[in-house]
Amino acid sequence: MSKKELSIGQSIAWNSLGNITYLGCSWLITILVVLLGADYSASGQLAVAMSVGNVFATIVLFRVRPVQVSGSYSQFDSSVFVGARWVTSIAAVIICCIYGFLTVSKSNYEIVALYCLFKFVESYIDVLHGIDQINNRLDYAAVSQILRGVLLVAGFIAGLQLFNSLPAAILLMSLSSLLVLVLYDNNRAKQFSSVTPSFALGPIASLLRICAPGFLASFCCTAVVSIVRQRYGLIYGDQLLGVYAAVAAPTVIVPALISYLYAPLLGPLASRWNKKDYAGVIHSIKRVALVGVAATLLLTIASLLFGEPVLRLLLGNGAANCSYYLPAMLFSTLAVGLNLFAIDLSIAFGRSAIATAASLVSFVMATVFSSCLYQATSFVDANSISLIVLFAQLIGFVIIIGYLFHIARNS
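Along each chain, residues carry numbers from 1 onward, in the same order as the chain's sequence is written. Residue-level local features of this predicted model are given only where pLDDT is at least 70; pairs of side-chain atoms are given and counted only at 80 or more, and the full residue set underlies all totals for whole chains, interfaces and linings. No hydrogens and no water enter the side-chain calculation; it runs on all heavy atoms of the structure.

Asker: What is the right way to look at the pattern of salt bridges in this model?
Answerer: Pairing is possible between side chains that carry opposite charge, provided their charged atoms lie close to one another. By definition here, a salt bridge exists when the distance from a side-chain nitrogen of Lys or Arg to a carboxyl oxygen of Asp or Glu is within 4 Å. Inspection of every chain in the model, using the stated rule, returns seven salt bridges. A salt bridge links R312 to E308; the shortest N-O distance between them is 3.2 Å. Linking R312 with E308, this pair stays in helix α12 (residues 278-315), spanning four residues, or about one helical turn. A relative accessible area of 34% means that R312 is categorised as partly exposed. Secondary structure is summarised from DSSP: a helix means a run of H or I of at least four residues, a strand means a run of E of at least two, and numbering begins at the N terminus for each. Relative accessibility thresholds used throughout: buried, under 20% of the residue-type maximum; exposed, over 50%; partly exposed, between the two (1.4 Å probe, protein chains only).

Asker: Even after reading the chapter, I still don't get the side chain of S218, so can you show me in this structure?
Answerer: The topology assignment puts S218 in helix α8 (residues 201-236). Here the side chain of S218 touches F215 through a polar contact of 3.0 Å, landing on its backbone oxygen. When sequence neighbours within four positions are dropped, the list of residues in contact with S218 reads T58, R63 and I343. Definition of a polar contact: a pair of N or O atoms within 3.5 Å, with one able to donate and the other able to accept a hydrogen when the atoms are protein atoms, and with sequence-neighbouring residues admitted only if both atoms are side-chain atoms. By the convention used here, residues are in contact when the closest approach between their heavy atoms is within 4.5 Å.

Asker: Is there a simple way to think about helix α14 (residues 326-348) in this case?
Answerer: Every α-helix winds through 3.6 residues per turn, so residues three or four apart in the chain are directed the same way. Along its 23 residues, α14 runs 33 Å from first to last C-alpha, staying within 8% of the 33 Å computed at 1.5 Å per residue. Taken across its 23 residues, α14 has 21 buried, putting it largely inside the fold. Multiplying one less than the number of residues by 1.5 Å gives the expected span of a helix.

Asker: Just to check I follow, could you spell out unusual backbone geometry for this structure?
Answerer: Excluding glycine, a negative phi dihedral is what most residues carry, and trans is how most peptide bonds are arranged. Phi is positive for N136, close to 55 degrees, though the residue is something other than glycine. Topologically, N136 is positioned in the loop between α5 (109-134) and α6 (138-162).

Asker: Is there a simple way to explain the side chain of T58 in this structure?
Answerer: Tracing the backbone shows T58 in helix α2 (residues 41-61). Residue class for T58 comes out buried when judged on its relative accessible area of 9%. Here the side chain of T58 touches T222 through a polar contact of 3.2 Å, side chain to side chain.

Asker: What am I meant to see in the packing of aromatic side chains here?
Answerer: Two descriptors summarise a pair of aromatic rings, namely the distance from one centre to the other and the angle between the planes of the rings. We call Phe, Tyr and Trp rings a pair once their centres come within 6.5 Å, taking the six-membered ring for Trp, and we label the pair stacked below 30 degrees between planes, edge-to-face above 60, and tilted otherwise. Using the criterion set out here, one finds 15 aromatic pairs in the structure. Look at Y324 and Y325: their rings are 4.8 Å apart centre to centre, the planes differ by 65 degrees, and that puts the pair in the edge-to-face class. On the accessibility criterion, Y324 (43% relative accessible area) is partly exposed. Geometrically, a lysine NZ or arginine CZ counts as sitting over a ring once it is within 6 Å of the ring centre and also within 35 degrees of the ring normal. Lying over the aromatic face of Y22, R148 brings its terminal NZ or CZ to 4.7 Å of the ring centre. When the ring centre of Y140 is taken as reference, the NZ or CZ atom of R188 above it lies at 5.8 Å.

Asker: Just checking my understanding: could you explain the packing of α8 against helix α16 (residues 383-409) for this structure?
Answerer: Convention adopted: a line fitted to C-alpha atoms gives each axis, helices being fitted over their contacting stretch, and angles between N-to-C directions are expressed from 0 to 180 degrees. The geometry of α8 relative to α16 is characterised by a closest axis approach of 10 Å and an angle of 155 degrees between their N-to-C directions. With respect to each other, α8 and α16 are oriented roughly antiparallel. Between α8 and α16 lies a crossing whose hand is right-handed. Listed contacts from α16 to C221, V224, V225, V228, R229 and Y232 of α8 are S384, I385, I388, V389, A392 and Q393. Polar here means any residue outside two lists: the nonpolar Ala, Val, Leu, Ile, Met, Phe, Trp, Tyr, Cys and Pro, and the charged Asp, Glu, Lys and Arg; Gly therefore counts as polar. Tallied by class, the residues present in the contact of α8 with α16 amount to nine nonpolar, two polar and one charged. Should an angle fall under 35 degrees it is taken as roughly parallel, and over 145 as roughly antiparallel, whereas 65 to 115 is taken as roughly perpendicular and any remaining angle as oblique. Note on convention: near helix rotated counterclockwise from far helix by under a right angle means a left-handed crossing. Clockwise means right-handed.

Asker: Teacher, can you tell me more about the environment of L208 here?
Answerer: The residue L208 is located in helix α8 in this model. For the pair formed by L208 and A49, sequence separation is 159 residues and the distance between their alpha carbons is 27 Å.

Asker: Explain the environment of L117 to me, please; I cannot follow it from the model alone.
Answerer: Relative to the elements of secondary structure, L117 occurs in helix α5. Sequence separation between L117 and L175 is 58 residues, and the spatial gap between their C-alpha atoms is 9.5 Å. Contact partners of L117, with chain neighbours within four places excluded, come to L171 and S174.

Asker: Whenever I open this one, the state of the cysteines confuses me. Can you help?
Answerer: Disulfide: a covalent bond formed between the sulfur atoms of two cysteine residues. Two cysteine sulfur atoms form a disulfide, by the criterion used here, when they sit within 2.5 Å. Within the structure shown, the criterion is met by zero disulfides. With no disulfide of its own, C211 lies 16 Å from the sulfur of C220, the closest cysteine sulfur. By relative accessible area, C211 is classed as buried at 1%. With no disulfide of its own, C220 has C221 as its nearest cysteine by sulfur position, at a separation of 8.8 Å.

Asker: What is the right way to look at a nonpolar patch on the surface in this model?
Answerer: Residues L117, L151, L171, L175, L178, L179, V182 and L183 make up a contiguous nonpolar surface patch of roughly 670 Å² in combined accessible area. Ranked by the residues each element gives to the nonpolar patch, the list is headed by helix α7 (residues 166-189), at six residues. Within the element layout of this structure, L183 appears in helix α7. Patch building starts from residues that exceed 30% relative accessible area and form no salt bridge, then joins like charges within 9 Å and nonpolar side chains (Val, Leu, Ile, Met, Phe, Trp, Tyr) within 5 Å. All accessible-area figures derive from a Shrake-Rupley calculation using a 1.4 Å probe, and residue coverage is judged against the displayed protein chains alone.

Take a look at the structure:
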């Protein structure tokens, strides 16, 4: 098989195609759970599982990908990255068992556990895609995402239709992703380097020590969304959270778009930063941010014009009556995407400590605001979820980017 490298433009195109397809299929699941379920309770249960699953995936990923693809840490070979993924997975199981016990109702334990299994397979594939990206073959990753997206939708439908079971649907999603991992991703990645995990304590400890500040930053960033949603669901119930989650599902296109733009650029931007080409770095950061803001504004206008009829067509009157959630949702997801962009930049530039500090500020603010608001008031509209997330994430983004710009302008 040819190992011809792709250009940056081709990498962005393939990355976008694969991610958009996978994202669309993931979004379709949140629609199908409403259409094929008896009421919004199943959607609420899936929202809880996704919230915990996102925390689980953040621990498993440990924000290793920016380090893996930056080209600044050549002392680690691919087997160390694969071995580290197993180590972080074990840690994720332990941490999320405790986290789930404290934040999830007993009725949702099974669904949460199965969804974490799905996120483990997805996260393991990510380290193999890192190998593809280092070798400028993101087309391999894109094909994987397309295959997995189609199969996970088929598995989800089969679980709901044949077994009338949300746990069965999530299990079939996991099995379909595992099939692609074994038959496709593993074979593609091992063309370039070993995919056999190395459990050498020294290299893994060194790698995780480098990644730890960035991991903590991304963990807090993800946890901002999870903690606010889960706190709302615990106080007001799965039904109301389910409506919010169903309406919110399409808005993940915003952070995904930002990710598509910057993910293939991390390596080149890190190289520019190391060469002190700060003007070029700042120009690229501004372009990514402006594209994200412009896309969000266009989507907000579209949501005001067409949100209600589209939601009524897809999800029924219950969701359509909450179409006014969409503008705040869109801008909150923009803030999440921009904050993750800033975190990954700081990791690739070797400045992850500032990302950790900024994300801790965001997490504390979100926790305090949601606790005070939801516990002090008999009922709060779910739009508050988006507003709290928007405010907390923007604070983190401004702190990180402000710090990076300060370094650039004073060097």
